[in-house]
Structures are given as C-alpha cells and as structure tokens.
Protein chains: 2
Amino acid sequence: MFKKVTIIGVGLIGGSIGMALKREELAKLVCGVGRRRSSINKALRAGAIDTGTLRLETGIKGADLIIIATPVSTIKQYLLKIARTHETPCIITDAGSTKKDIVSLAQNALPAGLKFVGAHPLAGSEKRGPEHSCAGLFKNSITILTKTSKTDASSLKKVRRMWEAVGAKCRIMAPAEHDKIVAAISHLPHIVACTLVNSAEGASLGFAAGGFKDTTRIASSDPAMWRDIILTNRKSILSALKKFERSLRKMTAPDSDRLLAELKKAKRKRDEIN
Amino acid sequence: MFKKVTIIGVGLIGGSIGMALKREELAKLVCGVGRRRSSINKALRAGAIDTGTLRLETGIKGADLIIIATPVSTIKQYLLKIARTHETPCIITDAGSTKKDIVSLAQNALPAGLKFVGAHPLAGSEKRGPEHSCAGLFKNSITILTKTSKTDASSLKKVRRMWEAVGAKCRIMAPAEHDKIVAAISHLPHIVACTLVNSAEGASLGFAAGGFKDTTRIASSDPAMWRDIILTNRKSILSALKKFERSLRKMTAPDSDRLLAELKKAKRKRDEIN
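Residues numbered from 1 in each chain as written. Chains lettered and ligands numbered in written order. Predicted model: local features only at pLDDT ≥ 70, side-chain atom pairs only at ≥ 80, totals over all residues. Heavy atoms only, no water.

## Describing a positive patch on the surface
All names here are of chain A. A surface patch of like charges, here positive, comprises K3, K28, K157, K158 and R161. If one sorts the elements of the positive patch by residue count, helix α6 (residues 153-165) sits on top with three residues. By the secondary structure assignment, K28 is in strand β2 (residues 27-33). (Patch = residues over 30% accessible without salt bridge, like charges linked within 9 Å, V, L, I, M, F, W, Y side chains within 5 Å. Areas by Shrake-Rupley, 256 points an atom, 1.4 Å probe, with all protein chains shown as cover. Salt bridge = Lys/Arg side-chain N within 4 Å of Asp/Glu carboxyl O. Lys, Arg positive; Asp, Glu negative; His and termini not counted. Charge placed at Lys NZ, Arg CZ, Asp CG, Glu CD. Helix = DSSP H or I, 4+ residues; strand = E, 2+ residues; numbered from the N terminus.)

Pasting the structure below:
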C-alpha cells in the first residue's frame with residue numbers, strides 16, 4: 001500500500017501503528033522519528049519500526065505517508081517544520097486527540113503537495129512508550145478521520161484503507177464534531193477521574209476498591225499529553241462540563257424519585273454500551 | 001465458629017458470604033432468608049446456603065449470627081422487625097454501604113441481648129444476584145467494622161474473626177468516619193460515573209472506548225440500591241462533592257501550569273493505589 005511510511009513519535013500509539021503496518025505488510029519500509037535515541041532503540045527492539053532516526057529531514061525523505069503520533073502541541077510543531085522544509089508530495093496524517101486546532105493549522109500551513117488528513121484512533125491505554133505497543137491495539141476500535149472542504153478525497157481514502165487494514169472501523173466527520181464527541185466521552189471523563197483522585201484525602205485512598213480503581217484508572221495517564229489535549233479542546237470541554245454540572249445537580253438534589261430516575265437512566269445508557 | 005448463621009438477603013454479597021462461610025467451614029448451618037423463592041433457589045443451586053426460607057422468623061430461629069445483606073433501607077426494616085420479634089441472644093451484623101444511619105438505629109432499637117456490629121465489605125461488582133456470588137469475593141479486600149461506645153467487644157471480635165477467615169482485612173472505626181471515607185472513594189465516584197453517562201449524548205456514546213467504559217462501569221449497578229446509599233449518606237457526599245468542585249475548578253481554569261500540576265498530582269496519587 002505504501003513504499004515508505006514515516007512515523008514521527010514512537011510511543012504507544014506510534015509504535016503500535018508501526019507494528020500493525022508491518023504485520024499487515026502495508027509498507028515496504030517503516031521509519032521511526034524520535035527525540036530520544038532510547039525510544040528509537042526500544043521501538044526497534046519491539047519490532048515496531050524497520051529503521052529509526054533522530055533527524056526529521058532524514059526520516060521523512062522519500063516517505064509517501066507521514067504519521068505524526070506525538071502529543072497535540074508537538075504535532076503542531078512538526079507540521080510547521082514539515083511545511084517549511086519538505087517539498088516532495090505526500091500524505092500527512094496524525095493520531096492527535098483533538099482535531100480542530102490541528103486540522104486548521106495543517107490546512108493553513110502546508111503547501112499544496114502535502115495532503116493532510118486528520119485522524120484520531122480511539123484506542124490507547126494509561127501506559128506509554130513503545131515497549132507497550134501492540135499490533136492488535138486498533139482491532140475493533142474506532143478511528144475518526146476528519147473531512148473539510150479542503151480535504152483531498154483520494155488521500156482520505158488511502159488513510160482510511162490504512163486504518164481499516166490494521167483493524168479499525170473508520171468514522172468520517174468535521175473536526176468540530178470530533179472535538180465535541182471526545183470532549184464528552186474522553187476529555188471530561190479524564191478531568192473528572194483526576195478530580196476524584198485529587199479531591200480524596202490520602203487516608204481515604206487506602207480504602208479504594210474495584211469501583212474507585214476502575215473509575216480513576218485513566219488518571220495515571222501522561223500529564224503533559226493531557227495538558228495539551230485539555231488546552232486545545234477547552235471550548236468543547238467547557239460545554240460538556242456545563243451539561244455535566246446540570247446533570248450532577250439532578251443527582252444530588254434531595255429528591256428520591258428524581259435520583260432513582262437518574263440512576264435508572266445511567267444504568268440503561270451504560271448497559272447499552274456493552 | 002458458629003452453629004447457625006442466617007443471611008438475610010441472598011444477593012451477590014449475601015451469597016458470597018454464604019459460600020465463603022461454607023468453604024471455610026465456619027458454620028454448621030448456613031440459612032438464607034429471601035423475599036423471592038427464585039432467589040433462594042438460585043442461592044441453593046449456587047451452593048451459597050444450606051437451607052432457605054421466605055419467613056424471617058423461621059430463618060433466624062436458633063441463629064447465633066445474623067447477617068443482613070440487603071440494600072440499606074431494607075437493612076433498617078429488618079432490624080426493626082428483628083427487634084420486635086426476636087428474643088434469643090445473638091450477634092447481628094450487616095453489609096450495608098452506609099453506617100451512621102444503620103448503627104444508630106440498631107443501637108436504639110435492639111434489646112440488650114441482640115449485639116449489633118456494623119460491617120461494610122469493600123468488595124462487590126456491578127453485577128447482582130446470587131448467581132454471581134463467589135467464595136473468593138472478599139479475598140484481599142477490606143471490611144470496615146464499626147465501633148461505638150455501645151459496641152460489645154466480644155461480638156466485635158467474633159465478627160472480625162469471621163471476616164478475616166473469609167479473606168478480608170478488617171479496619172475498625174466510628175460510623176461517621178466510615179461514611180466520610182466511602183463518600184469520597186465510592187459514593188461520589190458512583191454519582192460522577194452516572195453523571196458522565198447521563199450528560200453525554202447518545203450519539204457520542206457510540207464512540208466510547210476503554211477509558212470511558214472503565215470510568216463509567218459502576219453506572220451499571222443496581223439503581224434502587226444506590227438510591228438508598230446516596231440518600232442515607234447525603235451529608236458526607238455533599239461534603240465530598242464540595243471538595244470535588246473546588247478541585248474541578250483548578251483543573252478547568254485557563255492556567256497551563258496549574259493544570260499540569262493537577263494532572264501530575266492525580267497521576268502520583270493514583271499510581272500509589274496500585
């Protein structure tokens with residue numbers, strides 16, 4: 001499907017994409033670009049990439065697909081660097097958790113030959129680093145791809161086929177719609193999980209059982225990555241937060257019938273997800 | 001350890017206690033009292049009880065230990081019934097998720113020969129019913145036992161030995177302290193999980209991945225049971241909610257450094273739980 005795929009950022013997501021591409025034989029060469037030699041070495045040992053480099057220019061030379069799998073703010077920095085230095089036509093995609101910011105920057109900054117398709121695989125873990133990569137990470141997961149009036153149709157198709165080949169189902173939507181959805185099902189839950197941990201006293205945490213552990217598991221995720229996500233999707237998160245607070249007031253009002261109705265509604269909606 | 005243990009309420013918790021008592025041979029006879037013949041039959045089939053009845057008086061006759069393992073409001077009803085009709089001295093304990101309400105009612109209502117020890121096993125699941133019972137449910141879990149100036153020391157010791165024999169570690173504290181702890185690590189997280197589900201639009205829920213599923217798993221729990229819990233521990237929950245809201249404001253302020261500090265604090269505290 002591709003001659004050379006370059007993955008910038010060989011952490012959990014980048015490493016897993018590399019492994020999956022290699023397992024499905026979707027690229028003749030998978031090249032990793034990292035900022036630390038140790039990450040590149042780990043990714044090489046894990047079999048996530050065929051070759052690796054710390055130099056962006058070397059890494060993306062000759063690539064027909066560039067995948068930027070770094071935290072959101074770094075994705076933007078890489079897009080700007082690539083826009084300044086890279087001329088060979090190719091497809092660029094990403095794996096960032098917010099899309100409006102990134103897609104709009106890509107559309108403004110990249111020259112015509114560099115076709116950007118925003119992507120967000122809804123898969124991951126609270127673990128990080130290429131040593132936790134796994135080729136099956138995207139199996140039965142959803143990857144959201146963004147489409148705007150400026151999206152190149154054939155590039156979108158290729159990126160879609162790539163994600164489907166590694167096991168993901170693709171949904172295509174506008175960047176703003178993506179950001180609204182993930183604010184409700186990922187970003188706000190993350191904030192809430194962290195807040196539950198932070199607001200509980202240390203002495204109480206010693207009594208944490210299965211329920212608390214599950215509810216707050218994601219609070220163990222990488223802080224810097226999440227700061228970026230929260231800051232770049234602030235508007236959608238605040239709007240999801242408003243709905244959350246309205247709903248919270250219904251559950252904490254001294255009204256037994258209303259409380260039961262809310263608990264029943266939550267059970268019904270949650271059971272449907274399984 | 002006991003001649004006859006009667007478990008009132010043969011759901012997940014009651015059934016699991018029965019199984020564990022039988023496995024550890026802590027009682028010559030384990031009798032279940034239920035409100036539906038079908039639950040009794042399920043508990044018998046699961047091997048959770050030796051004998052079962054729908055009649056409270058028959059069930060508790062000759063018991064040296066009575067364990068009330070029903071939702072909180074029903075525990076109170078059973079305590080009042082037992083106080084009115086039962087005269088043979090015995091130990092009574094429970095498995096209710098709140099303690100102040102229950103312990104204070106028991107101390108006021110029960111005659112001198114009936115010694116009450118409040119208990120709350122911090123174990124469970126979003127599943128319900130004796131068919132999900134398991135003798136190992138309490139292994140490595142914590143059971144909180146309550147102690148007040150009116151608690152009978154030798155009864156507390158016996159109940160403690162029973163819980164330790166089925167694999168739980170016991171912590172002894174005042175009912176109010178218990179209620180404060182579980183408000184922070186169980187009741188508020190439950191409310192928050194339900195609120196995350198209720199405030200998310202149906203269309204967004206289709207994109208729920210591992211993080212959302214974990215964070216909201218407990219929203220699938222029994223609504224009526226949780227209404228009771230929330231209503232009987234309202235004061236402690238509202239106080240935990242205040243701390244939650246203060247902490248939430250720190251995380252949603254437009255301050256990158258503060259946000260990062262909060263995310264790091266949450267990760268550090270959460271990592272310590274594992």
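## Section: the sheet that holds strand β3 (residues 51-53) of chain A
Residues and elements named next belong to chain A. Ordered in space as β3-β2-β1-β4-β5-β6, the six strands form an open sheet in which the pairing is parallel. The strands lining the two open edges of the sheet, one partner per strand, are β3 and β6 (114-117). Across the sheet, the mean angle from the axis of one strand to that of its neighbour is 20°, orientation sign disregarded. Across the sheet, helix α4 (residues 72-85) touches β1 (2-8), β4 (65-68), β5 (90-94) and β6, and the angle it forms with β4 is around 150°. (Pairing = 2+ DSSP bridges. Axes fitted to C-alpha atoms, helices over the stretch in contact; angles between N-to-C directions. Contact = heavy atoms within 4.5 Å.)

## Some remarks on the sheet that holds strand β9 (residues 169-173) of chain B
Sheets are built from strands paired through backbone hydrogen bonds, the pairs being either parallel or antiparallel. Residues and elements named next belong to chain B. Ordered in space as β7-β8-β9, the three strands form an open sheet in which the pairing is mixed. Unpaired on one side and paired on the other, β7 (119-121) and β9 mark the two borders of the sheet. Between one strand axis and the next, the sheet turns through 20° on average, direction left out of account. Alignment of strand β8 (residues 142-146) against β9, held across five bridges, turns out to be parallel. From the neighbouring strand, T146 faces β9, where its bridge partner is M173. Its contacts with the sheet place helix α7 (residues 175-199) against β7, β8 and β9, and it is angled at close to 120° to β9.

## Considerations on helix α11 (residues 234-252) of chain A
All names here are of chain A. For α11, which comprises 19 residues, the first-to-last C-alpha distance of 26 Å matches the rise-based estimate of 27 Å (1.5 Å per residue) to within 8%. All buried positions along α11 are accounted for by S236, I237, A240, L241, F244, S247, L248, M251 and T252. Considered in projection along α11, the buried side chains sweep an arc of 135° and stay on one side of the axis. In α11, the exposed positions that point more than 90 degrees away from the buried face belong to K235, K242 and R249. (Expected span 1.5 Å × (residues − 1). Buried < 20%, exposed > 50% of the residue type's maximum accessible area, 1.4 Å probe, protein only. Arc of directions from axis to C-beta.)

## Some points on the relation of the copies chain B and chain A
Under the fitted operation, chain B is carried onto chain A by 0.0 Å of movement along the axis and a turn of 180°, and the coordinates agree to an RMSD of 0.0 Å. This pairing of chains is accounted for by a two-fold axis. Relative to the rotation axis, the C-alpha of T215 of chain B is the closest in chain B, positioned 1.9 Å from it. The share of interface residues of chain B whose copies in chain A are also at the interface is 100%, consistent with both copies meeting through the same surface. (Least-squares fit on C-alpha atoms with pLDDT ≥ 70 in both.)

## Focus: the packing of aromatic side chains
Residues and elements named next belong to chain A. For the structure on display, the rule yields two aromatic pairs over all chains. An angle of 85° between the planes, with centres 5.1 Å apart, marks the rings of F138 and W163 as edge-to-face. Within this pair, whereas F138 is found in the loop between β7 (119-121) and β8 (142-146), its partner W163 is found in helix α6, the two being separated by 25 residues in sequence. F138 gets classed as buried once you look at its relative accessible area, which sits at 0%. W163 sits in the buried class, given a relative accessible area of 0%. (Phe/Tyr/Trp six-rings, centres within 6.5 Å; stacked < 30°, edge-to-face > 60°.)

Just distances and angles here, no functional claims.
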